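Now for the letters of each chain:
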Amino acid sequence: MWGGAAVLGWIAGDILNTDAVVTHLSDGLDADAIELALELAGVAIVVAAGLIWRRAHGVALDRA
């Protein structure tokens, strides 16, 4: 489940990379580095949100 969430975060970061505002703001910068940074940020945000949600609802990490 965590792997699937990470993949969704990766895809969200990739989609964000094609957004017109992000493309405009990143003009003149290394496009590959920006893309990788957004994809990794998407993974980190989604996985962190899942961990925070589980902790807030008292769900142990070793339970399915």
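All values derive from a computational prediction rather than experimental measurement.

Right, let's get into helix 3 (residues 31-56). Its 26 residues place the ends of helix 3 37 Å apart at the C-alpha level, agreeing with the 38 Å of an ideal helix rising 1.5 Å per residue. If you check which residues of helix 3 are buried, you get Leu38, Glu39, Gly42 and Arg54. Tucked inside the fold, the buried residues of helix 3 contact helix 1 (2-17) and helix 2 (20-25). Phi turns positive, to about 70 degrees, at Gly58, one or two residues after helix 3.

All right, on to a nonpolar patch on the surface then. A surface patch of nonpolar side chains, amounting to about 660 Å² of accessible area, comprises Val7, Leu8, Trp10, Ile11, Ile15, Leu36 and Leu40. When residues in the nonpolar patch are grouped by element, the largest group, five residues, is from helix 1. Checked against the element boundaries, Leu40 lands in helix 3.

In this fold, Trp10 is placed in helix 1. For Trp10, a relative accessible area of 35% gives the class partly exposed. Once the C-alpha coordinates of Trp10 and Gly50 are considered, the two residues, 40 residues apart in sequence, prove to be 15 Å apart. Beyond its immediate sequence surroundings of up to four residues, Trp10 is in contact with Leu36, Glu39, Leu40, Gly42 and Val43.

Counting through the fold element by element, Ala44 comes out in helix 3. For Ala44, a relative accessible area of 44% gives the class partly exposed. With 16 residues separating them along the chain, Ala44 and Ala60 place their C-alpha atoms 20 Å apart.

Relative orientation of the contacting elements helix 1 and helix 3 amounts to 140 degrees, with a least axis distance of 7 Å. Classified by the interaxial angle, the pair formed by helix 1 and helix 3 is oblique. Crossing hand, helix 1 versus helix 3: right-handed.

Conventions adopted
Residues numbered from 1 in each chain as written. Predicted model: local features only at pLDDT ≥ 70, side-chain atom pairs only at ≥ 80, totals over all residues. Heavy atoms only, no water. Helix = DSSP H or I, 4+ residues; strand = E, 2+ residues; numbered from the N terminus. Expected span 1.5 Å × (residues − 1). Buried < 20%, exposed > 50% of the residue type's maximum accessible area, 1.4 Å probe, protein only. Contact = heavy atoms within 4.5 Å. Patch = residues over 30% accessible without salt bridge, like charges linked within 9 Å, V, L, I, M, F, W, Y side chains within 5 Å. Areas by Shrake-Rupley, 256 points an atom, 1.4 Å probe, with all protein chains shown as cover. Salt bridge = Lys/Arg side-chain N within 4 Å of Asp/Glu carboxyl O. Axes fitted to C-alpha atoms, helices over the stretch in contact; angles between N-to-C directions. Parallel < 35°, antiparallel > 145°, perpendicular 65-115°, else oblique. Left-handed = near helix turned anticlockwise from the far one by under 90°.

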